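Overview (structure and organization)
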Amino acid sequence: MTGQLRDIREFSDDPDAYRDELYRRWTGLLSYRYIGRRHSTMNVGEVDDTVTIRRDMRNEAGGIMVAPLAISSPEGCQTDLVAVPNPVIASVQIIDPGYDVKRIEIVDSGNVHQGRMMGYGRCKIVDADNPDRVIAFNEGQGAIIGTPPEGLDRMDVSGTDLIIEDSPELPPLWEAFGASKRPDGSWTLPALSAELASPDAALHIGPQHVVLETAAIDLAAEATGTRKIQVVSWHVMFMSRGKVGPFRVAGTAHTSGSGKVGVRMLLHDEGNGDKAVTSAAAVFDIIG
């Protein structure tokens, strides 16, 4: 629970404690383990920049959801082994919904500029079985909010992987990440917990992308009368650290005559004075 989470920066003067806490937090965080993304910059073992696309990663039009793409490729932030990163902007542009794509691969990933406090990165997401087929572009900006002790090494996380078999019985991503819909129609995430928190004891980007896309689909579907929609543009600004929770999405949908619908949203930290912590905008193609 929230009271048990400590900001990893509190351990900066004790390298052994910092290392142990980073391992505990990294292996407890749900985002990458549930999506199936392995990070060779953090984990020992073979390099694997692919993610298998399961049923729960597709929308009702059959295309790949944006949340798994965004979680798979957090750009602009340095690794937790050399910095305490804090995401600022995540931007995903989907070129190909990937209806028949079985695996994606993150390529050309890395910072194109690293300043003293801010980093700017980008990558391409391609069909892992046909790398010439580009699925999406991702660009990101991140800040450095702390420096870990020197000498941290990549971690052996064997035995902590989540093995999620593709199956019609898989819960939707929002359910796996603990989100729920209130009677008034608002989508929410629960109070901060170790599974949802980054090492600096703030709401991680993973559950944010999931609940925001879930809410955006509902808003767009209500405005258009169809759930056969596909995100083509996704832009998220992480304005402040989500510290307490529950976290509530508020948003509006805006239709056009061009076969598209746009959604704007704010994510509020209800346990911290209902502060707006994240802003997001999505543009959908109406498929049917």
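Here is what the cut-offs are and how they apply
- Residues numbered from 1 in each chain as written.
- Predicted model: local features only at pLDDT ≥ 70, side-chain atom pairs only at ≥ 80, totals over all residues.
- Heavy atoms only, no water.
- Helix = DSSP H or I, 4+ residues; strand = E, 2+ residues; numbered from the N terminus.
- Rg over C-alpha atoms; globule rule 2.2 N^0.38 Å.
- Buried < 20%, exposed > 50% of the residue type's maximum accessible area, 1.4 Å probe, protein only.
- Areas by Shrake-Rupley, 256 points an atom, 1.4 Å probe, with all protein chains shown as cover.
- Lys, Arg positive; Asp, Glu negative; His and termini not counted.
- Charge placed at Lys NZ, Arg CZ, Asp CG, Glu CD.
- Phe/Tyr/Trp six-rings, centres within 6.5 Å; stacked < 30°, edge-to-face > 60°.
- Lys NZ or Arg CZ within 6 Å of the ring centre and 35° of its normal.
- Core = buried A, V, L, I, M, F, W, Y, C linked by side-chain atoms within 4.5 Å.
- Contact = heavy atoms within 4.5 Å.
- Patch = residues over 30% accessible without salt bridge, like charges linked within 9 Å, V, L, I, M, F, W, Y side chains within 5 Å.
- Salt bridge = Lys/Arg side-chain N within 4 Å of Asp/Glu carboxyl O.
- Pairing = 2+ DSSP bridges.

1. Thoughts on the overall build of the protein chain
- Across its full length, the protein chain holds five helices and 11 strands.
- Since a compact globule built from 288 residues should have a radius of gyration of about 19 Å, the 18 Å found for the protein chain is in line with a globular shape.
- Taken along the three principal axes of its C-alpha coordinates, the protein chain extends 60 × 45 × 40 Å.
- Taking all 288 residues of the protein chain together, 50% fall into the buried category.
- Working note: accessible area of the protein chain is about 12900 Å², and carbon and sulfur atoms make up 50% of it.
- Separation between the mean location of the 28 positive side-chain charges and that of the 40 negative ones in the protein chain comes to 4 Å.

2. Details of the packing of aromatic side chains
- For the structure on display, the rule yields three aromatic pairs.
- Ring centres 4.9 Å apart and planes at 65° place the aromatic pair Trp174 and Trp187 in the edge-to-face group. Of the two residues, Trp174 is situated in helix α4 (residues 173-176) and Trp187 in strand β7 (residues 187-189); the sequence distance between them amounts to 13 residues.
- Over the ring of Tyr34 we find Arg54, and its NZ or CZ is 5.0 Å from the ring centre.

3. Description of the nonpolar core
- Counting 71 residues, the largest nonpolar core has Leu212, Trp234, Met265 and Phe284 as its most contacted members.
- It is helix α5 (residues 205-224) that contributes the most residues to this core, eight residues altogether.
- Met265 has contacts with Leu212, Ala215, Ala216, Leu219, Trp234, Val249, Ala250, Gly251, Thr278, Ser279 and Ala280, leaving out every residue within four places of it along the chain.

4. Topic: a nonpolar patch on the surface
- A contiguous nonpolar patch, built from Met237, Met239 and Leu266 and spanning about 240 Å² of accessible area, is present on the exposed surface.
- Within the fold, Met239 resides in the loop between β8 (229-238) and β9 (247-255).

5. Brief notes about the pairing of β9
- Note that β7 and β9 share two bridges and pair antiparallel. Each residue of the ladder has a partner; that of Leu189, found in β9, is Phe247.
- Judged from the nine bridges that link them, β9 and strand β10 (residues 260-269) form a sheet pairing that is antiparallel. Bridge assignment links Ala250 to a residue of β10, and that residue is Leu266.
- As consecutive antiparallel partners, β9 and β10 are separated by four residues, and within that stretch Gly259 has a phi angle of approximately 80°, a positive value.

6. Description of the sheet that holds β10
- Ordered in space as β1-β3-β4-β5-β2-β8-β11-β10-β9-β7-β6, the 11 strands form an open sheet in which the pairing is antiparallel. Whereas interior strands pair on both sides, the edge strands pair on one side only; in this sheet they are β1 (50-52) and β6 (180-181).
- Direction of pairing for strand β2 (residues 84-94) relative to β8: antiparallel, over a ladder of five bridges. Along β8, the bridge assignment pairs Ala90 with Val236.

7. Remarks on the pairing of strand β5 (residues 130-146)
- Summarising the sheet, β2 and β5 pair through 10 bridges and their orientation is antiparallel. In the sheet register, Ala90 faces β5, and the bridge partner there is Gly140.
- Note that strand β4 (residues 118-127) and β5 share 10 bridges and pair antiparallel. Looking at β5, one finds that Val126 is bridged to Val134.
- Linkage of β4 to β5, two consecutive antiparallel strands, is achieved through a turn of two residues.

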